[in-house]
Amino acid sequence: MSAPVILEGSGLTMRFGGLVAMAEVDFTLRKGEILGIIGPNGAGKSTLLNIITGIYVPSSGEVRLSGERLNGQPAHRIVGKGIARTFQSSRLFGDLSVLDNVIIGRHTHMKTGIFDVILRRSKAEAELAEAAAIAEGLLKAVSRGLYEQRHRPAAELPQADRRRLEIARALASEPKVLLLDEPSSGMDDADTDALMDDIRALCAERPELAMMIIEHDMRLVASLPHRVLVLDYGQKLAEGSYEEVRLIPRVQEAYLGRKAAQNAQA
Ligand code: ADP
Ligand code: MG
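Residues numbered from 1 in each chain as written. Chains lettered and ligands numbered in written order. Predicted model: local features only at pLDDT ≥ 70, side-chain atom pairs only at ≥ 80, totals over all residues. Heavy atoms only, no water.

*Asks:* When you look at the nonpolar core in this model, what are you seeing that I'm missing?
*Replies:* What tends to happen in soluble globular proteins is that the nonpolar side chains get buried as a cluster. Ranked by internal contacts, the top residues of the largest apolar core, which has 37 residues, are V102, L139, L165, I167, L171, L178 and M211. Of all elements in the fold, only α3 (98–104), α5 (121–142), α6 (144–148), α7 (159–171), β7 (177–181), α8 (189–205) and β8 (210–214) reach the threshold of two or more residues within this core. Beyond its immediate chain neighbours, meaning those up to four positions away, L165 contacts L92, V98, N101, V102, L139, L146, A154 and L157. By size, the runner-up hydrophobic cluster in this structure holds 27 residues, among which are I6, L29, L48 and I214. (Core = buried A, V, L, I, M, F, W, Y, C linked by side-chain atoms within 4.5 Å. Buried < 20%, exposed > 50% of the residue type's maximum accessible area, 1.4 Å probe, protein only. Helix = DSSP H or I, 4+ residues; strand = E, 2+ residues; numbered from the N terminus. Contact = heavy atoms within 4.5 Å.)

Structural data, given as structure tokens:
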């Protein structure tokens, strides 16, 4: 893939007291690329997303979006620059409707403040109507079934649709880079397949959007990402196509345990 690099990290290191959660990790992400991040529990996958989005400030190293240094900037500003994410555990507003959850994702693009609501009501209402129209479009783009449930409270959605809603909400900030932390967790195979189809359709519709997907479901990792980065104990163990990295003995060890890896080689 030769599209320009949009996001890159170099020498990323994250220490928590004595624990080194990430050590000297480099990565690049190109426009339109899907990069899979895999590795056992505690490998540092979520830490990497937290560094990119400004939730953690790395102990050393740099993250650059289109060449601009991001680390050191507050998380809300990083979202405004075009990086959106979903979380490993759901962070929806359960009492609010599906549609309202997506509208909230647009806050970085809305100009209306509380004084506008009181003093310039028609302006505020126009902006809200526009946000609602955009949110409806996003729900349709992510999943027709989700759009049809747009007036239900988010808490009533089945798990798979909650994940889709989180993706729609992340897209509402009009990101250039979308980061998904274990989007298929808690889903069965059928739901995972349907989610993969939705993500594929989304990518086809937005060819410039770059994605990083943390994933443990190997069927998804095998079929969706263009490239895979393997983390283990905070270090980059391997990087390449799934076909390349899955054959590396240390990757098999990290995943299957040493015994199983030896059997696989035999
Ligand atoms: P993964 O997402 O790959 O399962 P994480 O990135 O969540 O792993 O965690 C990597 C390591 O960093 C783990 O040992 C975890 O306990 C540690 N860690 C992550 N966040 C913090 C934190 N805020 N404080 C202390 N340790 C943390
Ligand atoms: Mg994690």
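Still to come is the rest of the account.
*Asks:* For this particular structure, what's the right way to read the site of ligand 1?
*Replies:* By nearness alone, every residue bordering ligand 1 is listed as F16, L19, A21, P40, N41, G42, A43, G44, K45, S46, T47 and Y56. Contacts to ligand 1 include S46, whose backbone N or O atom sits 2.9 Å from an oxygen atom. Summarising the interface, the protein chains cover 64% of the accessible area of ligand 1, which totals 560 Å² for the free molecule. Looking at the shell around ligand 1, the elements that each hand over two or more residues are β2 (19–30) and α1 (45–52). Among the elements that take part in the shell around ligand 1, α1 stands out by supplying three residues, more than any other. Residues of the shell around ligand 1, tallied by class, amount to six nonpolar, five polar and one charged. (Near = heavy atom within 4 Å. Polar contact = N/O pair within 3.5 Å; in protein donor to acceptor, adjacent residues only side chain to side chain. Areas by Shrake-Rupley, 256 points an atom, 1.4 Å probe, with all protein chains shown as cover. Nonpolar A, V, L, I, M, F, W, Y, C, P; charged D, E, K, R; others polar.)

*Asks:* Can you walk me through the sheet that holds strand β5 (residues 68–69) in this structure?
*Replies:* The strands making up a sheet are joined through hydrogen bonds of the backbone, oriented either antiparallel or parallel. Read across the sheet, four strands follow the order β2-β1-β4-β5 without closing on themselves; strand pairing throughout is antiparallel. At either margin of the open sheet sits one strand with a lone partner, and together these are β2 and β5. Note that strand β4 (residues 60–65) and β5 share two bridges and pair antiparallel. Counterpart to R64 in the pairing with β5 is R69. Seen against the sheet, α1 touches β1 (5–16), β2 and β4 and runs at an angle of roughly 65° to β2. (Pairing = 2+ DSSP bridges. Axes fitted to C-alpha atoms, helices over the stretch in contact; angles between N-to-C directions.)

*Asks:* Any chance you could explain the packing of aromatic side chains here in plain terms?
*Replies:* Each aromatic ring pair is described using two quantities: the centre-to-centre distance and the angle formed by the ring planes. For the structure shown, the criterion picks out one aromatic pair. Look at F16 and Y56: their rings are 5.2 Å apart centre to centre, the planes differ by 75°, and that puts the pair in the edge-to-face class. A residue pair is termed long-range when its members are at least 10 positions apart, and F16 in strand β1 and Y56 in the loop between α1 and β4 qualify at 40 residues. Taking the relative accessible area as the measure of exposure, F16 reaches 34% and is therefore partly exposed. Relative accessible area serves as the criterion here: at 27%, Y56 is assigned to the partly exposed category. Taking NZ or CZ as reference, R150 lies 4.1 Å from the ring centre of Y147, over its face. (Phe/Tyr/Trp six-rings, centres within 6.5 Å; stacked < 30°, edge-to-face > 60°. Lys NZ or Arg CZ within 6 Å of the ring centre and 35° of its normal.)

*Asks:* Sorry if this is basic, but what is going on with the packing of α7 against α8 here?
*Replies:* Packed helices, taken two at a time, are described by their axes: the angle between them and the distance between them. Interaxial distance between α7 and α8 falls to 10 Å at its minimum, and their mutual angle equals 20°. Here α7 lies roughly parallel to α8, going by the angle between them. Along this stretch, α7 crosses α8, giving a crossing that reads as right-handed. Across from A160, R164, I167 and L171 in α7, the residues of α8 making contact are D191, A194, L195, D198 and L202. The residue makeup of the contact of α7 with α8, split by class, is six nonpolar, no polar and three charged. (Parallel < 35°, antiparallel > 145°, perpendicular 65-115°, else oblique. Left-handed = near helix turned anticlockwise from the far one by under 90°.)

*Asks:* Could you clarify how one ought to interpret the packing of α5 against α7 in this entry?
*Replies:* Close contact between α5 and α7 brings their axes to 9 Å; oriented N to C, the two are set at 135°. By the angle between their directions, the pair α5 and α7 is classed as oblique. Both α5 and α7 take part in a crossing whose hand is right-handed. For the pair α5 and α7, the contacting residues are L138, L139 and V142 in the first and R164, L165, I167, A168 and L171 in the second. Residues of the contact of α5 with α7, tallied by class, amount to seven nonpolar, no polar and one charged.

*Asks:* I tried to follow the pairing of strand β3 (residues 34–38) on my own but got confused; where do I start?
*Replies:* Each regular strand displays side chains that alternate between the two surfaces of the sheet. By the criterion of burial, β3 is predominantly enclosed, with five of the five residues buried. Neither face of β3 is exposed, since I34, G36 and I38 on one face and L35 and I37 on the opposite face are all buried. Both β3 and β8 contribute to a ladder of four bridges, which runs parallel. Bridge pairing in β8 links L35 to M212. Of the strand pairs in this sheet, β3 and strand β9 (residues 227–232) are connected by four bridges, and their pairing is parallel. Residue G36 lies in a different strand from β9, and its bridge partner there is V228.

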